[in-house]
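One letter stands for each residue in the lines below.
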Amino acid sequence: MRTILTTALLLLLTLSAVNVVAAEKVKVYSVEKGAYIMSEKVEKSESEWRNILTAEQFHVLREEGTEPAFSGKYHDHHGEGVYACAGCGLDLFSSEAKYDSGTGWPSFTEPIDKANIGTKKDRRLFTVRTEVHCVRCGGHLGHVFEDGPEPTGLRYCLNSAALQFEPLE
Ligand code: FE
């Protein structure tokens, strides 16, 4: 009887372990690898996010907050490198696509790769805007507008708090 119970318990543990391994994967572009890779989605509880993010990062990334204009650390930041997700570290925007929009928020004409971001309609503030988020952790980054410069005509208007700059080596 005890053997059966032990076997059942082991089976249960194995099944739950398999479940963890089988986390949903997404295809994203890695700057370091110079190629697309399959990466596991990052899913955390609210308290887990609060433990690893600052209050400001949590508000922006997990509550779709917006930092005040000109308050963030990257709107007037000019280094060569990659702006990664402050939540999960995914490569999101390159300094090559960054430009001074004059809005007080870091602005880009395009992401490193469309595969790395997701968008959805945001109907708050009595208007329809297109929200932009990290495809791997779902963290809110900002919005994209169609009043950007050439060549894309797009303005990815992001929050500094959602980003982590990684300079080129
Ligand atoms: Fe992320």
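Being a predicted model, the structure only gives us computed values, none of them experimental.

Rules used throughout
- Residues numbered from 1 in each chain as written.
- Predicted model: local features only at pLDDT ≥ 70, side-chain atom pairs only at ≥ 80, totals over all residues.
- Core = buried A, V, L, I, M, F, W, Y, C linked by C-beta atoms within 7 Å.
- Buried ≥ 20, exposed ≤ 12 C-beta atoms within 10 Å, placed from the backbone.
- Helix = DSSP H or I, 4+ residues; strand = E, 2+ residues; numbered from the N terminus.
- Contact = placed C-beta atoms within 7 Å.
- Pairing = 2+ DSSP bridges.
- Axes fitted to C-alpha atoms, helices over the stretch in contact; angles between N-to-C directions.

Q: It is not clear to me how the nonpolar core should be interpreted in this structure. Could you clarify?
A: The nonpolar side chains of soluble globular proteins are, as a tendency, buried together. Counting residues in hydrophobic clusters, the biggest one holds 29 residues, and the most contacted among them are L92, C134, L158, A162 and L163. Those elements that provide at least two residues to this core are α3 (55–63), β3 (81–85), β4 (91–94), β8 (129–134), β9 (140–145) and β10 (155–158). It is β3 that provides the largest number of residues to this core, a total of four residues. In this view, L158 contacts W105, P106, F108, L141, G142 and L163; residues no more than four positions away in its chain are not counted.

Q: Is there a simple way to think about α3 in this case?
A: Residues separated by three or four positions in an α-helix point in the same direction, a consequence of the helix having 3.6 residues per turn. Every buried residue belonging to α3 is among Q57, F58, V60 and L61, and all of these are buried. Of the surrounding elements, those touching the buried residues of α3 are α2 (46–52) and β9. A positive phi of about 55 degrees marks E64, the residue just after α3.

Q: Got a minute to help me understand the sheet that holds β4 in this structure?
A: Within a sheet, neighbouring strands are paired by backbone hydrogen bonds and run either parallel or antiparallel to one another. Across the sheet, three strands lie side by side as β4-β3-β11; this open sheet has antiparallel pairing. The open sheet has two edge strands with one neighbour each: β4 and β11 (163–167). Taking the axes of each pair of neighbouring strands and ignoring which way they run, one obtains an average angle of 35 degrees across the sheet.

Q: Please explain unusual backbone geometry as it appears in this structure.
A: Working note: non-glycine residues mostly have negative phi, and peptide bonds are mostly trans. That bond from E150 to P151 is cis: its omega, 5 degrees, falls within 30 degrees of zero. Relative to the helices and strands, P151 resides in the loop between β9 and β10. With a phi close to 55 degrees, E64 is a non-glycine residue in the positive phi region. In this structure, E64 sits in the loop between α3 and β3. By the C-beta count within 10 Å, which is 17 here, E64 ends up partly exposed. For F70, which is not glycine, the phi torsion reads 65 degrees and is therefore positive. Mapped onto the elements of the fold, F70 is located in the loop between α3 and β3.

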